[in-house]
Amino acid sequence: MQYESSISEQEQIIDELEEEEEIQDSIRFSCDTISMLSFMEDVMLGEADFPSDSIFRVEWDSLRINPYKVCIDSLPDSFRVDCRGFYPPNINVITSEFGQRWGRFHAGIDSRLTVGDTIRSAFDGKVRITRVGMRKKGYGYFVLVRHENGFETLYAHLSKVLVKPNQIVKAGEAIGLGGNTGRSTGPHLHFEIRFLGNPINPRRIVNFDTNELIADTFLVDKKSSFKEYIDFVNSPIKYHKVRSGDTLGAIARKYRTTVGRLCRLNGIKSTTILRIGRRLRVY
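Here's a quick rundown of the structure. (Residues numbered from 1 in each chain as written. Predicted model: local features only at pLDDT ≥ 70, side-chain atom pairs only at ≥ 80, totals over all residues. Heavy atoms only, no water.)

### Some remarks on the packing of aromatic side chains
Here the structure, examined in full by the defined rule, presents 8 aromatic pairs. Consider the rings of Phe79 and Phe195, whose centres lie 5.1 Å apart with planes at 45°: the pair is tilted. Taken together, the residues span a long stretch of sequence, with Phe79 in strand 1 (residues 78-82) and Phe195 in strand 12 (residues 188-195) at a distance of 116 residues. In this structure Phe79 comes out as buried when scored by relative accessible area, which is 5%. Each ring, one from Tyr139 and one from Phe142, has its centre 5.4 Å from the other, and the planes form 50°; the classification is tilted. Among the aromatic residues, those joined into a cluster by ring pairs are Phe98, Phe105, Tyr229 and Phe232. (Phe/Tyr/Trp six-rings, centres within 6.5 Å; stacked < 30°, edge-to-face > 60°. Helix = DSSP H or I, 4+ residues; strand = E, 2+ residues; numbered from the N terminus. Buried < 20%, exposed > 50% of the residue type's maximum accessible area, 1.4 Å probe, protein only.)

Structure representation (structure tokens):
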């Protein structure tokens with residue numbers, strides 16, 4: 001199915017679904033476990049000519065980053081993904097790690113770059129999403145590639161996109177130029193690895209000191225491979241999303257706490273301007 005949304009409709013959907021740290025709570029989505037196990041068996045038995053065709057049994061979606069809504073509990077207990085052929089997207093210093101950050105979930109890993117540096121596809125695959133235009137929020141300019149091994153990778157905050165949706169790319173092929181678009185405090189590459197929409201810490205797969213695979217295959221174990229994400233979703237910590245008109249005083253009263261405690265929990269001052277959309281930890 002091909003989307004025919006207007007630009008304004010697309011931007012609205014993107015703003016709702018794309019925000020980098022506001023990752024969807026897919027652990028709690030309902031899922032047909034039997035169907036999931038069935039098509040995963042096809043992949044494990046090698047009965048699929050293009051493995052990801054069996055894994056992603058949904059219509060091709062060039063708009064939403066995570067259209068799958070697959071709960072982690074529905075996955076097989078463990079299975080291996082072939083990672084051979086990996087190529088480092090950007091060779092530079094890691095500046096921000098995967099996991100909870102500023103009260104949100106940071107679903108990837110960030111590496112330093114200079115605007116204009118070449119960003120390359122990590123594996124062979126097919127471009128599913130590209131996003132350009134006036135991107136002042138979330139990922140900015142980005143590319144999402146679906147790979148034959150069942151992973152999807154995302155490359156964000158680009159200054160220029162060099163590929164188009166549905167384009168076949170090889171590992172190491174240039175797909176964009178590094179930049180500082182979207183929600184970004186400086187030039188860097190935000191790099192994600194996902195399986196059926198669920199984020200996996202890239203450090204579990206790649207040694208970023210050597211920019212080489214840790215192993216030729218990666219054992220996806222639903223109890224450990226998604227641990228950081230599961231812990232975040234199930235955390236008793238609560239957050240408030242700032243809306244128009246919110247003040248620290250009003251938020252404190254709503255959650256029966258104090259402005260001082262909100263400031264300590266979030267590393268802010270009582271005079272800090274609250275940006276709409278920001279998530280504040282309340283307890």
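Anyway, onward from the coordinates.
### A few points about the nonpolar core
Judged by nonpolar contacts, the single largest core of 44 residues is most densely connected at Val143, Phe151, Tyr155, Phe191 and Ile205. Contributing elements (two or more residues each) for this core: strand 1, strand 8 (141-147), strand 9 (151-161), strand 12, strand 16 (217-221) and helix 4 (227-233). Non-local contacts of Phe151, meaning those with residues more than four positions away in its chain, are made with Val81, Cys83, Phe123, Val145, Arg146, Ile193, Arg194, Phe195, Ile200, Ile205 and Phe218. Counting residues in hydrophobic clusters, the runner-up holds 10 residues, among them Leu248, Ile251, Ala252 and Ile268. (Core = buried A, V, L, I, M, F, W, Y, C linked by side-chain atoms within 4.5 Å. Contact = heavy atoms within 4.5 Å.)

### A closer look at the environment of Gly140
For Gly140, the location among the structural elements is in the loop between strand 7 (125-131) and strand 8. Owing to a relative accessible area of 0%, Gly140 belongs among the buried residues under this scheme. For Gly140 and Thr181, which are 41 residues apart along the polypeptide, the C-alpha to C-alpha distance reads 4.5 Å.

### Comments concerning unusual backbone geometry
Glycine aside, the phi torsion of most residues is negative, and most peptide linkages are trans. Although it is not a glycine, Lys69 adopts a positive phi angle of roughly 55°. When you line up the elements, Lys69 lands in the loop between helix 3 (51-55) and strand 1. For Lys69, a relative accessible area of 28% puts it in the partly exposed group. Of note, the phi angle at Leu196 is positive, near 50°, even though the residue is not glycine. With respect to the helices and strands, Leu196 occurs in the loop between strand 12 and strand 13 (198-200).

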